[in-house]
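# Coordinate analysis (summary)
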Amino acid sequence: MNEQNMSQAAAPAKPKRPKSKSQLMAGALLDKAYNDTLEAKARGEKIGWATSLFPQEIAETLGLHIVYPENHGAAIAAKKLAAPFLEYAEAHDCNNDLCSYAKIDIAYADLFDCSPASNMARPDFLLIGNNGCNEITKWFEVVGRKLEIPTFMIDFTYNHMPYVTDSRVRYIKAQIEQVIKDLSAFTGTVWDPDKFAEIMGISTENRNLWEQVADYLERQPSPLSGFDLFNYMGPMVFTRGRRETGDVMRQLIAEVEEHIKNGTSTFPAREEFRVFWEGIACWPYLSHNLKTLKKYGINVCATAYARAWSLDYTPGDIESLARAYAFTSSNNILLEESVRRRKEWNTKFHIDGTIYHVNRACKVMVCQQQELMRQVSEACNGLPYMSFDGDQADFRNFSEAQFETRIEAFAELMRKHKEGRIHG
């Protein structure tokens with residue numbers, strides 16, 4: 001079924017709730033980031049594309065305008081505009097098994113102004129951090145060759161210890177310092193250590209606000225739908241180093257506090273089960289996923305994905321920046337560390353079970369998922385779990401029927417497990 005038929009086959013949509021003030025602020029902030037980049041490009045300034053876990057503090061300090069293809073791909077998928085990009089990429093030597101974000105972006109690099117989502121300006125350079133994904137390195141190299149532009153890369157290395165070793169920190173710090181010199185020379189900008197410390201300070205403040213939002217999910221029942229975290233991730237990726245992001249988070253916090261005061265929640269159902277969502281959101285079916293979970297009173301109360309941008313470092317200290325970016329992604333750490341973190345979160349957020357998104361687009365994220373399922377469940381006294389097949393952006397790799405059937409069975413499994421804990 002193609003995307004047009006998929007939309008036609010869907011049941012008539014119910015009227016949506018009006019967006020909250022914080023949602024409107026977050027949307028306006030992202031729109032402004034895209035528009036500012038387009039305007040900078042029109043003025044003749046050099047603008048760039050970056051991977052989502054490249055240190056945004058560098059570009060912010062240099063006053064460079066940056067956009068993020070991963071976020072752009074997610075937005076295209078959520079708006080159900082992915083089909084022409086996926087079809088174009090696969091017709092031009094991209095295998096179906098490649099990351100769907102990569103296929104969308106590689107196609108976009110060819111299509112630009114004739115695309116239905118042409119709000120991302122043509123880049124003059126690329127910024128690559130391989131701390132989230134290995135495939136992204138080759139993806140950006142392909143784009144760089146297509147557009148004949150330079151790439152600036154930081155190799156964050158895989159961590160074979162439950163921490164970042166000092167030798168790795170020195171290695172990454174040296175790369176960061178070299179990228180700063182090379183990027184300054186290429187763009188004609190000047191590095192200011194004081195501004196760097198200021199940007200890191202703003203980013204730290206926004207990180208703390210983001211953590212505060214996520215920690216509201218600890219309350220039982222939660223005043224917040226965990227899926228809301230997916231909708232507010234954009235500012236944390238795009239504009240974490242800007243004060244306006246703090247304004248969005250403080251408005252969101254005020255709204256959540258009002259829900260607590262009134263005994264209400266943004267989760268649109270009675271919360272019966274609290275789950276951990278493992279992996280990236282299934283963007284083309286986000287509303288379907290939420291609707292299905294709501295039917296069984298299942299609220300997503302924890303996710304490692306949304307916390308990848310909660311970087312903890314000392315403002316002005318490049319070494320602590322290097323250490324933080326090298327240890328933020330589940331794709332860059334030992335399985336044992338991933339299990340430890342999830343055990344801690346499952347206890348903190350009173351989790352009843354885990355939903356694993358077996359994401360066809362992200363082989364790195366799912367390659368050890370079967371073992372992660374087993375070890376997390378074992379470490380958490382037989383915590384129930386389930387998995388479903390999906391994709392972060394390719395609507396063709398998801399089955400509504402499979403998801404609905406598995407969630408129904410999972411709800412019953414969690415119910416029996418809870419009853420066993422109560423009566424055991």
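Up top is the structure.
Criteria and thresholds
Think of each chain on its own: its residues are numbered from 1, step by step along the sequence as written. Owing to the predicted nature of the model, reporting of local features is limited to residues with pLDDT of at least 70; listing and counting of side-chain atom pairs is limited to 80 or more, with chain, interface and lining totals taken over all residues. Computation of side-chain values: all heavy atoms of the structure, hydrogens and water removed. The numbering of helices and of strands both runs from the N terminus, where a helix is a DSSP run of H or I of at least 4 residues and a strand a run of E of at least 2. Put simply, the radius of gyration uses C-alpha atoms, and a globule should come to 2.2 Å times the residue count raised to 0.38. Buried residues are those whose accessible area, probed at 1.4 Å on protein chains only, stays under 20% of the maximum for their type, while exposed residues exceed 50% and partly exposed ones sit between those limits. Contacts between residues were defined by any pair of non-hydrogen atoms, one from each residue, lying within 4.5 Å. Per-residue and other accessible areas were derived by the Shrake-Rupley procedure at a 1.4 Å probe size, with only the shown protein chains allowed to occlude residues. When charges are counted, Lys and Arg are positive and Asp and Glu negative, with His and the chain ends excluded. Here the site of a charge means atom NZ of a Lys, CZ of an Arg, CG of an Asp or CD of a Glu. Whether two strands pair comes down to DSSP finding at least two bridges between them. The axes used here are C-alpha line fits, helices contributing only the stretch in contact, and every angle between their N-to-C directions lies in the interval 0 to 180 degrees. Take a side-chain nitrogen of Lys or Arg and a carboxyl oxygen of Asp or Glu: if they are within 4 Å of each other, that pair is a salt bridge. Residue count minus one, scaled by 1.5 Å, sets the expected span of a helix. The term polar contact refers here to a pair of N or O atoms within 3.5 Å; inside protein, the definition further demands a hydrogen-donor-capable atom paired with an acceptor-capable atom, and it admits residues adjacent in sequence only when both atoms are side-chain atoms. Cysteine sulfur atoms that come within 2.5 Å of each other are treated as a disulfide pair. To sort the angles, those under 35 degrees are grouped as roughly parallel, those over 145 as roughly antiparallel, those from 65 to 115 as roughly perpendicular, and the leftovers as oblique. Handedness of a helix crossing follows the sense of rotation of the near helix relative to the far helix, less than a right angle counterclockwise being left-handed and clockwise being right-handed. The classification used treats Ala, Val, Leu, Ile, Met, Phe, Trp, Tyr, Cys and Pro as nonpolar, Asp, Glu, Lys and Arg as charged, and all other residues, Gly among them, as polar. Between 30 and 60 degrees the pair is tilted, below 30 it is stacked and above 60 it is edge-to-face, where a pair is any two Phe, Tyr or Trp rings, Trp via its six-membered ring, whose centres lie within 6.5 Å.

Turning our eyes to something else, we now look at the overall build of the chain. Along its length, the chain carries 17 helices and 8 strands. The C-alpha atoms of the chain give a radius of gyration of 21 Å, which matches the 22 Å a tight globule of 424 residues would have. Each principal axis of the C-alpha distribution contributes one length, and for the chain these read about 65 × 50 × 40 Å. Expressed as a percentage of the 424 residues in the chain, the buried residues total 57%. In the chain, the proportion of contacts linking residues at least 24 apart, taken out of those at least 6 apart, comes to 78%. Entry remark: accessible area of the chain is about 18600 Å², with carbon and sulfur atoms responsible for 51%. If the 49 positive side-chain charges of the chain are averaged to one point and the 56 negative ones to another, these points end up 4 Å apart.

The amide bond that connects Gln-220 to the next residue, Pro-221, takes the cis arrangement and shows omega of -10°. Within the secondary structure, Pro-221 sits in the loop between α9 (193–215) and α10 (227–238). At Thr-157, a residue that is not glycine, the phi angle is positive and equals roughly 65°. Within the secondary structure, Thr-157 is located in the loop between β4 (151–154) and α8 (166–187). Positive phi, normally seen in glycine, also occurs at Asn-381, with a value near 60°. Within the secondary structure, Asn-381 is located in the loop between α16 (369–379) and β8 (385–390).

Our next topic: the sheet that holds strand β3 (residues 125–129). Across the sheet, 4 strands lie side by side as β2-β1-β3-β4; this open sheet has parallel pairing. The sheet terminates laterally at β2 (66–67) and β4, the two strands that pair on one side only. Note: strand β1 (residues 48–50) against β2, 2 bridges, orientation parallel. Looking across to β2, one finds that Trp-49 is bridged to Val-67. Each of β3 and β4 is contacted by α8, which is oriented at about 165° to β4, the strand it contacts most.

Glancing now at the pattern of salt bridges. In the structure shown here, the tally under the stated rule is 31 salt bridges. A salt bridge links Glu-90 to Lys-103, with the shortest nitrogen-to-oxygen separation between them at 2.8 Å. Placement of Glu-90 in helix α5 (residues 83–91) and of Lys-103 in helix α6 (residues 100–111) is noted, with a sequence separation of 13 residues between them. A salt bridge links Glu-198 to Arg-243; the nearest nitrogen and oxygen atoms lie 3.5 Å apart. One end of the pair, Glu-198, is in helix α9; the other, Arg-243, is in helix α11 (residues 243–262), and 45 residues separate them in sequence. What emerges from the salt-bridge pattern is a single network uniting Glu-90, Lys-103, Asp-394 and Arg-396.

What follows covers α9. For α9, with 23 residues, the first-to-last C-alpha span of 33 Å sits near the 33 Å given by 1.5 Å per residue. Put simply, Asp-192 is the residue that caps the front of α9, since its side-chain oxygen is 2.9 Å from the backbone nitrogen of Asp-194.

Moving on, we get to the state of the cysteines. This structure, assessed with the given rule, holds 0 disulfides. The closest cysteine sulfur to the non-disulfide-bonded Cys-133 is located on Cys-362, 5.6 Å from its own sulfur. The class of Cys-133 is buried, set by a relative accessible area of 19%.

Mapping Ser-377 onto the fold places it in helix α16. Given a relative accessible area of 11%, Ser-377 falls into the buried group. With sequence-adjacent residues up to four places away left out, Ser-377 is seen in contact with Gly-382, Leu-383 and Tyr-385.

Closest axis-to-axis distance for the helix α2 (residues 21–42)/α11 pair is 8 Å, and the angle between their directions is 165°. With respect to their mutual orientation, α2 and α11 come out roughly antiparallel. Crossing angle aside, the handedness with which α2 passes α11 is left-handed. Together, Lys-21, Ser-22, Met-25, Ala-26 and Leu-29 of α2 and Glu-244, Thr-245, Asp-247, Val-248, Gln-251, Leu-252 and Glu-255 of α11 make up the contact between the two elements. Classifying every residue of the contact of α2 with α11 gives 5 nonpolar, 3 polar and 4 charged.

Counted by the stated rule, this structure contains 23 aromatic pairs. Ring geometry for Trp-139 against Phe-140: centres 5.4 Å apart, planes inclined by 55°, an arrangement best described as tilted. There is no split in this pair, since Trp-139 and Phe-140 are both buried. Here Tyr-285 and Phe-398 contribute two aromatic rings whose centre-to-centre distance is 4.4 Å and whose plane-to-plane angle is 35°, an arrangement assigned as tilted. Pair noted here: Tyr-285 is in the loop between β5 (273–278) and α12 (286–295) and Phe-398 is in the loop between β8 and α17 (400–423), with a separation of 113 residues, a long-range link. The class of Tyr-285 is buried, set by a relative accessible area of 6%.

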